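# An overview of the molecular structure
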There are 2 protein chains.
Amino acid sequence: MLDFSASYTDLYQLTMAQVYFKTKPKSVAVFDYYFRNNPFNGGYTIFAGLENILHILENLRFTKEDISFLKMHDFEADFLEYLTDFKFNGSIFSVKEGDVVFPNRPILQVTGNIMEVQIIETVLLNILNFQTLIATKASRIRHSAGARILIDMGLRRAHATGGYFATRAAAIGGFSSSSNVIAARDFDIAASGTMAHSFIQSYTNELQAFRDFAKTRPKNCVLLVDTYNTLKSGLPNAITVAKEMEKRGDKLLGVRLDSGDLAYLAKATRKLLDAEGLAYVKIVASNQLNEYVIKSLNEQNAPIDIFGVGTNLVTGKPDAALDGVYKLSEYNGKARIKLSENIIKISLPSKKQVYRMIDDHGMFYGADVVGLASEETISQMLHPFDSNKSLDLQNFTHEVLLKEVMTNGNRTIEKQTVAEIAKYAQTRLSLLPEEYKRFQNPHIYKIGLSEKLKNTRDRLVTEHKF
Amino acid sequence: MLDFSASYTDLYQLTMAQVYFKTKPKSVAVFDYYFRNNPFNGGYTIFAGLENILHILENLRFTKEDISFLKMHDFEADFLEYLTDFKFNGSIFSVKEGDVVFPNRPILQVTGNIMEVQIIETVLLNILNFQTLIATKASRIRHSAGARILIDMGLRRAHATGGYFATRAAAIGGFSSSSNVIAARDFDIAASGTMAHSFIQSYTNELQAFRDFAKTRPKNCVLLVDTYNTLKSGLPNAITVAKEMEKRGDKLLGVRLDSGDLAYLAKATRKLLDAEGLAYVKIVASNQLNEYVIKSLNEQNAPIDIFGVGTNLVTGKPDAALDGVYKLSEYNGKARIKLSENIIKISLPSKKQVYRMIDDHGMFYGADVVGLASEETISQMLHPFDSNKSLDLQNFTHEVLLKEVMTNGNRTIEKQTVAEIAKYAQTRLSLLPEEYKRFQNPHIYKIGLSEKLKNTRDRLVTEHKF
């Protein structure tokens, strides 16, 4: 599923690359990847997809089939010859995958030949935007669920093969396991699952269905109890089977509620199970769950041990997309800017570095500072637009966020497993104060500019003024 | 990108299959694919993805890697041996791809060995749900755009590789072309594209950028005019280049507006272009368009010739997913049902056929009838729940909607190109009266049951009553 050809791009990247090829084939460009808004009206974002991008870029080539196709689309022979030998040789500085990030500051910066950095734009945005969206969604659901188990069950409603990457991102954001076998296989994620209604329907009676299932799956048996009637049929039958399992020395792992009022049913289920001495049987709940429903279930003290989340997780509903962009910030060593009538959308020029301010307790202070990559020390951060606002940085320690991850087309960091990235995300989130994590009107994580960067930007804005 | 292994599934399909393997390996099951609601609060849905599913099912196998992975997940040796030789040998009846379809009646019906039909559930839902969602979205945008050109530009915001299938579905729903090169290559869709802001930023001045671009692309040149200032810089520079092109015997194809008030800017742009004798230069608009924005632009008489649509198209925003399900309706020749506390969610049992009623003018009459596949004639349709409502069918002609497309694992219909499917969708939509296509409170396309089907369902509901 990671077998991309370089034609995984927008046509205009190639159209533009051909013009570069004709007019300035040796030019060097710097592009920034960043987004403009935290998804889900939230206070933070979890960066995901970097490992995949490094792998894809190391292997990105145009196939013979690609070249034949492009031959029919107004591309010239010498440029197609260039594409035949295409390889990405650029360099990348990036925030670490799994880190907590915020809007309007570079997450990743690509430097290289202008044709190469242009052609990779689409795949880079495609992979990073989506996984960052889903990792953030997963992290919000994890925030609601506390220490409870979270299972990704979304593949059937995912955006076709995008579901493969959704599962990876969900694990990074804090999900415990997934129903998605191929993603579990490739990303070393725990695979899990229960049973479907069809299984029970294929039997004349529910009890026999449960019995057969329990026998084949003695160690890891979860019974779905709502096919006909949860409290009158499914649960009594599950209790019968649980007792039969006990006699064989096995233990029923859980029952799953997949419809109806989950708070009410979970309480009634817990009561019945406990009354039968089955306090160890877990309750799994599913059915259109999201961070808000789970929060509400917990506030009602619904005794649910495991949540299965599908559609809302893997589609990143309601946002559906992260608004990540890839903007030219430097060309042959010269700072470049993109203007906009909306002041917030004016891009930050030049090759940059991002610093995270740390407070006395080792927690994130609430501000990142962006400076020119060439600056050695930054003693003061300025508000991006309000010239009356500034902050002295002498009393803060800081972290450098953008680190080299690829040089001349070769990755320079060790491969990281999804489990390692997930753990890192969890550690980083623990450093973010609670007010940035709440769902309603979260605190805004500030951005400041170094004086030199602000001056560079303001000079370019003036130069392009009409 | 269509290279799926059979582990593209949910773990529980394999868990259940193992129980079937142990207890009833020769059983035959029938599953229905259908959805419960038209997406986007609309009055119809465009069915898409069938060609891909037929291809995937013909080639679905477990790889060595899959088997090794499953070995570590509680599966037994004899079942893994079965999976090693797994091949889908089932049969499928389906609505034709591109047809107009409606909720709660079978779109596709799969018959086969219970293990096989269970294992394919996930990939079938994954591919059909998503493409059906996007083809429907595209069709709505086409409805707003009338005869104007529509370009899919969504790959960078699509759900990772799901974007490949989004582009295919967009073409089926009525899009004219796509920026997505790899999808255009594989599905024979017209590829198109303009230029990005970065191209212009890489030059010291916009005019030179436009000149270089126009020279390399004399026949198909669209200039992006909003990098610095649309009316004061981009457009005057584009006019200069258009005139230079005329002198060389070329013609500027268009200018693209990508920010600001598109209605206002399009009118101002048209006026300026016309005043300069450039009435042939087209106006392309993009920036967070959807069916509602395009409708509004048209109502304002914005002189836009081409719309570029991205995020809202390829993510199916705001719905994000079609609620398609796959339910067991027959097991070893016996009718099966899934109950629900919500009467609408009770499934229709047995192997079925769907008939579309046609009125005197050859248009869709507004009702589909569902009967048992074994019924030869259906003279009356009954309301699914209200026993006072029925309709005599003697005066209607009808179409049979479910046709055989796969037998014993081999497709039985000719391969269809995306262009053919798109044309079919257009033809079928032209038979659907306008009141089903409007966005606000569209007419509801009715469903009726044959008496035999209704009796079968009611009998099963009674049998499972608590």
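The structure presented is a predicted model; accordingly, all values stated were derived computationally and were not measured. (Residues numbered from 1 in each chain as written. Chains lettered and ligands numbered in written order. Predicted model: local features only at pLDDT ≥ 70, side-chain atom pairs only at ≥ 80, totals over all residues. Heavy atoms only, no water.)

## Some remarks on the overall build of chain A
Tallying secondary structure elements over chain A gives 16 helices and 21 strands in all. Dimensions of chain A, computed from C-alpha atoms along their principal axes, come out at roughly 80 × 60 × 40 Å. When the 466 residues of chain A are sorted by exposure, 65% land in the buried category. Contacts in chain A between residues at least 24 apart in sequence constitute 75% of all its contacts with a sequence separation of at least 6. Between the mean site of the 56 positive side-chain charges and the mean site of the 52 negative ones, chain A shows a separation of 3 Å. (Helix = DSSP H or I, 4+ residues; strand = E, 2+ residues; numbered from the N terminus. Buried < 20%, exposed > 50% of the residue type's maximum accessible area, 1.4 Å probe, protein only. Contact = heavy atoms within 4.5 Å. Lys, Arg positive; Asp, Glu negative; His and termini not counted. Charge placed at Lys NZ, Arg CZ, Asp CG, Glu CD.)

## Description of the interface of chain A and chain B
Each side of the interface is counted separately: chain A has 101 residues, and chain B has 101 residues. Where chain A touches chain B, the interface holds eight salt bridges. One salt bridge connects B:Glu121 with A:Arg156, and the closest N-O pair in it is separated by 2.9 Å. On inspection of chain A and its partner chain B, the count reaches 44 residue pairs in polar contact (both at pLDDT 80 or more). Per-element tally for the side of chain A that touches chain B: the top contributor is helix H1 (residues 11–23) of chain A, with eleven residues. Taken together, the residues of the side of chain A that touches chain B break down into 42 nonpolar, 36 polar and 23 charged. (Salt bridge = Lys/Arg side-chain N within 4 Å of Asp/Glu carboxyl O. Polar contact = N/O pair within 3.5 Å; in protein donor to acceptor, adjacent residues only side chain to side chain. Nonpolar A, V, L, I, M, F, W, Y, C, P; charged D, E, K, R; others polar.)

## What about helix H12 (residues 262–275) of chain B?
All names here are of chain B. For H12, with 14 residues, the first-to-last C-alpha span of 20 Å sits near the 20 Å given by 1.5 Å per residue. Each element contacted by the buried residues of H12 is listed here: helix H11 (230–247), strand S9 (254–257), strand S10 (282–285) and helix H13 (291–299). The N-cap of H12, judged by a side-chain oxygen 3.1 Å from the amide nitrogen of Ala 263 a few residues on, is Asp 261. (Expected span 1.5 Å × (residues − 1).)

## Re the pattern of salt bridges
Residue and element names in this part refer to chain A. In total, this model carries 58 salt bridges over all chains according to the counting rule given. A salt bridge links Arg 411 to Glu 51; the nearest nitrogen and oxygen atoms lie 2.8 Å apart. Here Arg 411 is found in strand S20 (residues 410–411), whereas its partner Glu 51 is found in helix H2 (residues 50–59), with 360 residues between them in sequence. The buried category is assigned to Arg 411, whose relative accessible area is 16%. When salt bridges with common partners are traced through the structure, they connect Asp 99, Arg 105, Arg 356, Asp 368, Glu 399 and Arg 428 into a single cluster.

## With respect to the packing of helix H6 (residues 121–145) of chain A against helix H13 (residues 291–299) of chain A
Residue and element names in this part refer to chain A. At a minimum axis separation of 8 Å, H6 and H13 run at an interaxial angle of 5°. The orientation of H6 with respect to H13, classified from their angle, is roughly parallel. Only Glu 291, Tyr 292, Ile 294, Lys 295 and Asn 298 of H13 make contact with H6, whose side of the interface consists of Lys 137, Arg 140, Ile 141, Ser 144 and Ala 145. Looking at the contact of H6 with H13 residue by residue, the class counts come to four nonpolar, two polar and four charged. (Axes fitted to C-alpha atoms, helices over the stretch in contact; angles between N-to-C directions. Parallel < 35°, antiparallel > 145°, perpendicular 65-115°, else oblique.)

## Digging into the sheet that holds strand S3 (residues 91–94) of chain A
Residue and element names in this part refer to chain A. Read from one edge of the open sheet, seven strands run S13-S12-S1-S5-S3-S19-S20, paired in antiparallel fashion. At either end of the open sheet lies a strand with only one pairing partner, and these are strand S13 (334–335) and S20. One ladder, built from three bridges, connects S3 with strand S19 (residues 403–407); its direction is antiparallel. By the bridge assignment for S19, Ser 94 is matched with Lys 403. (Pairing = 2+ DSSP bridges.)

## Details of the pairing of strand S5 (residues 108–113) of chain B
Residues and elements named next belong to chain B. Within S5, six of the six residues are buried, which leaves it mostly tucked inside the rest of the structure. With six bridges joining them, strand S1 (residues 28–34) and S5 adopt antiparallel strand pairing. Bridged to Ala 29 within S5 is Gly 112. Looking at chain direction, strand S3 (residues 91–94) and S5 are connected through four bridges and run antiparallel. Looking at S5, one finds that Ser 91 is bridged to Thr 111.

## What about the relation of the copies chain A and chain B?
Placing chain A over chain B gives an RMSD of 0.0 Å and needs a rotation angle of 180°, together with 0.0 Å of translation along the axis. This pairing of chains is accounted for by a two-fold axis. Judged by C-alpha distance, A:Gly162 is the residue of chain A that lies nearest the rotation axis, at 2.2 Å. Most of the interface of chain A is mirrored in chain B, where 100% of its interface residues again form contacts. (Least-squares fit on C-alpha atoms with pLDDT ≥ 70 in both.)

## Topic: the UniProt feature "domain: Nicotinate/nicotinamide phosphoribosyltransferase" (unreviewed entry) in chain A
As recorded in UniProt, the feature "domain: Nicotinate/nicotinamide phosphoribosyltransferase" (unreviewed entry) lies at residues 151–341 of chain A. The distance from the first to the last C-alpha atom of residues 151–341 of chain A is 44 Å, and the span holds 42% helix and 15% strand. (UniProt positions renumbered as here; feature names shortened; annotations may be inferred.)

## Observations concerning the UniProt feature "domain: Nicotinate phosphoribosyltransferase N-terminal" (unreviewed entry) in chain A
UniProt marks residues 9–129 of chain A with the feature "domain: Nicotinate phosphoribosyltransferase N-terminal" (unreviewed entry), using the numbering shown here. The distance separating the terminal C-alpha atoms of residues 9–129 of chain A is 15 Å; by composition the span is 45% helix and 17% strand.

## Considering a nonpolar patch on the surface
All names here are of chain A. A surface patch of nonpolar side chains, amounting to about 260 Å² of accessible area, comprises Ile 343, Ile 344 and Phe 385. Positionally, Phe 385 belongs in the loop between strand S16 (380–382) and strand S17 (390–392). The partly exposed category is assigned to Phe 385, whose relative accessible area is 35%. (Patch = residues over 30% accessible without salt bridge, like charges linked within 9 Å, V, L, I, M, F, W, Y side chains within 5 Å. Areas by Shrake-Rupley, 256 points an atom, 1.4 Å probe, with all protein chains shown as cover.)

## Looking at the sheet that holds strand S6 (residues 149–152) of chain B
Residue and element names in this part refer to chain B. The strand order across the open sheet built from six strands is S7-S6-S11-S10-S9-S8, with neighbouring strands paired in parallel fashion. Every other strand in the sheet has two partners, leaving strand S7 (177–178) and strand S8 (222–224) as the edge strands with one partner each. Looking at chain direction, S8 and S9 are connected through three bridges and run parallel. Considered in S9, the bridge of Val 222 is made with Gly 254.

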